[in-house]
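Reading the structure
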Amino acid sequence: MGTKMWAGRFTKETDERVNDFNSSISFDARMYKQDIEGSIAHATMLGECGIIDKGESAKIIEGLKGILADIESGELRFDPTAEDIHMFNEAELTARIGDAGKRLHTARSRNDQVALDIRMYLRDEIPVIKALTAELTETLMKLAEKNLTTVMPGYTHLQRAQPITLAHHLMAYVQMLLRDLGRLNDTYKRTNIMPLGSGALASTTYPINRQRVCELLGFDDITQNSLDGVSDRDFCIELASALSILMMHLSRFSEEIVLWCSWEFKFIELDDAYATGSSIMPQKKNPDVTELIRGKTGRVYGDLTTLLTMMKGLSLAYNKDMQEDKEAVFDAIDTTKLCLTTFIPMIDTMKVLPENMRAAAAKGFINATDCADYLVKKGLPFRDAYKITGTLVHTCIEKGLTLETLPIEDYKALCDTFGEDVYEAISLETCVMQRKAAGGPAPESVKAQIDHSRKALEALR
Ligand code: ARG
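Quick caveat, the model's predicted, so the values are computed rather than measured.

Let us look at the pattern of salt bridges. Any two side chains of opposite charge can pair, so long as their charged atoms come close to each other. On inspection of all chains with the given rule, the structure shows 31 salt bridges. R294 is paired through a salt bridge with E255; the nearest N and O atoms lie 2.5 Å apart. Separated by 39 residues along the polypeptide, R294 in helix α11 (residues 288–311) and E255 in helix α10 (residues 234–260) bring together distant segments of the chain. Take R294: its relative accessible area is 33%, and that puts it in the partly exposed class. The residue E269 makes a salt bridge to K285 at a minimum N-O spacing of 3.2 Å. With a gap of 16 residues between them, E269 in strand β5 (residues 268–269) and K285 in the loop between β5 and α11 connect regions that are remote in the sequence. Taking relative accessible area as the criterion, E269 reaches 31% and is therefore assigned partly exposed. By relative accessible area, which is 32% here, K285 ends up partly exposed. Several salt bridges converge on common partners, so that one network encompasses E83, D84, R110 and K320.

Around the ligand, the structure places S24, D28, D84, H86, R110, N111, V114, Y318, Q323 and K326. Y318 places a side-chain nitrogen or oxygen 2.5 Å from an oxygen atom of the ligand. One of the side-chain N or O atoms of Q323 is found 2.7 Å from a nitrogen atom in the ligand. Its free accessible area being 340 Å², the ligand has 86% of it covered by the protein chains. In terms of residue count, the dominant contributor to the shell around the ligand is helix α6 (residues 110–146) (3 residues).

Per the stated rule, a full pass over the model turns up 3 cavities of 30 Å³ or more. Roughly 40 Å³ of volume is contained in the largest cavity. Lining the largest cavity we find H42, M45, A107, L196, G197, I208, N209, R210 and V213. At the level of secondary structure, the elements contributing two or more residues to the lining of the largest cavity comprise α3 (32–48) and α8 (210–216). For the lining of the largest cavity, the residue count by class is 5 nonpolar, 3 polar and 1 charged.

Moving on, we get to helix α15 (residues 382–399). End to end, α15 covers 26 Å across 18 residues, agreeing with the expected 26 Å (1.5 Å per residue, within 8%). Where α15 is buried, its residues touch α14 (368–377) and α16 (408–414). One or two positions beyond α15, positive phi appears at G400, with a value near 70°.

This next bit is on the pairing of strand β2 (residues 159–165). Relative to β2, strand β1 (residues 151–156) runs antiparallel, the two being bridged by 6 bridges. Its bridge partner lying in β2, G154 is registered against Q162.

Turning our attention to α3. The first and last C-alpha atoms of α3 sit 24 Å apart over 17 residues, in line with the 24 Å expected at 1.5 Å per residue. Counting buried positions along α3 gives 14 out of 17 residues, so the element sits mostly inside the fold. Directly beyond the C-terminal end of α3, a positive phi value near 75° is found at G50.

Rules behind the numbers
Residues numbered from 1 in each chain as written. Predicted model: local features only at pLDDT ≥ 70, side-chain atom pairs only at ≥ 80, totals over all residues. Heavy atoms only, no water. Salt bridge = Lys/Arg side-chain N within 4 Å of Asp/Glu carboxyl O. Helix = DSSP H or I, 4+ residues; strand = E, 2+ residues; numbered from the N terminus. Buried < 20%, exposed > 50% of the residue type's maximum accessible area, 1.4 Å probe, protein only. Near = heavy atom within 4 Å. Polar contact = N/O pair within 3.5 Å; in protein donor to acceptor, adjacent residues only side chain to side chain. Areas by Shrake-Rupley, 256 points an atom, 1.4 Å probe, with all protein chains shown as cover. 1 Å grid on protein atoms, 1.4 Å probe; cavity = no way out; pocket = protein on both sides within 12 Å on 5 of 7 lines; lining within 4 Å. Points joined across faces, edges and corners; volume = space filled by probe spheres on them. Nonpolar A, V, L, I, M, F, W, Y, C, P; charged D, E, K, R; others polar. Expected span 1.5 Å × (residues − 1). Contact = heavy atoms within 4.5 Å. Pairing = 2+ DSSP bridges.

So this is what it looks like as structure tokens:
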């Protein structure tokens, strides 16, 4: 551990425990590239504005490029005793090019530097998460296309409710994922704003050109207030929030898959490559992937809570508490990426068991609403039709029959409006086919939904 950059003010060395406690290089080293690219833009601007000598600016840029290359080739290792990635890069630069290196930090503070780096890091990661989310969306749409007529029970309260199709069920998740993509796009917009030039908190007296740095680094705009520029971590919170919602969707779907591959449901079978065995029970094939996704969702919520709680009591501007933002937001990103990466091929390879879905749909009186609607279409008020059908269901339960197998005499005994055509009206196929309102489960409606969603996905990419 060399002498501290700020040693001049102090008469003692930092206690080793404080050093370790204070250091963030173990987790912020992953921003090395963004830190170097940000510094290159800063040095370019300093040279162009005549704040440092053009020749020195060029030397700094060359030096930084060398550091980047050496980190990437593995030749240069991070010093674990460095305070953070910013100090590490600067110290390395000065070690390599001498005095010119000491000029890099002119008109800059680590406060605006770290704000810049984290925005750049997130801006690089958001498209990766978006691409995975889009891939999952496509996987689901393809599976939906193959299952437009795969009848299954739709549930409320986990009780069989009305017949739908697997395509319709899958497309519900597609809608959620499309909104997730929209949220990621919104987050990106507010992340891609350039804070450098805010200085420690009150900008700088040097004649800097923030627009130039903005342009060099490909940001959409510059931050408008230097206090806010170094204090704002809303964009981290927004991303963690978008990821929490995305994870909530994956977790709900995971829960359904856990149910669907149980012996009680047996709607699907996971591919052997995406299931796990038990150490004691030889018959087991467990959906560990989905359970882990459900579990890891809590972790991402935890990251969001960490960020919200970390920020809630901070007076303006920078406080060291904010160093904690990185581990939380990085963990939210890593976890979500990991989950999506495993979930996509698991969905892609799972086997759908349509006969079991159909068999489950045939039980549980999920066509009772349609039976009531049959009477309504013949002129009865809905409430009367509802009551009659309830009684019919009761009769079926007593006799161990279904609405499809209940003899016509039993129907007529309750209401003489019933005719033989009731069987056609309550067949599962009819129930699904007739629900062709926009957004409904009829194959033609789901087909239209898929077309619409494909266009929406293209617009969100
Ligand atoms: N490692 C610090 C962080 O991640 C960098 C900013 C340090 N600024 C300061 N004033 N100590 O937040």
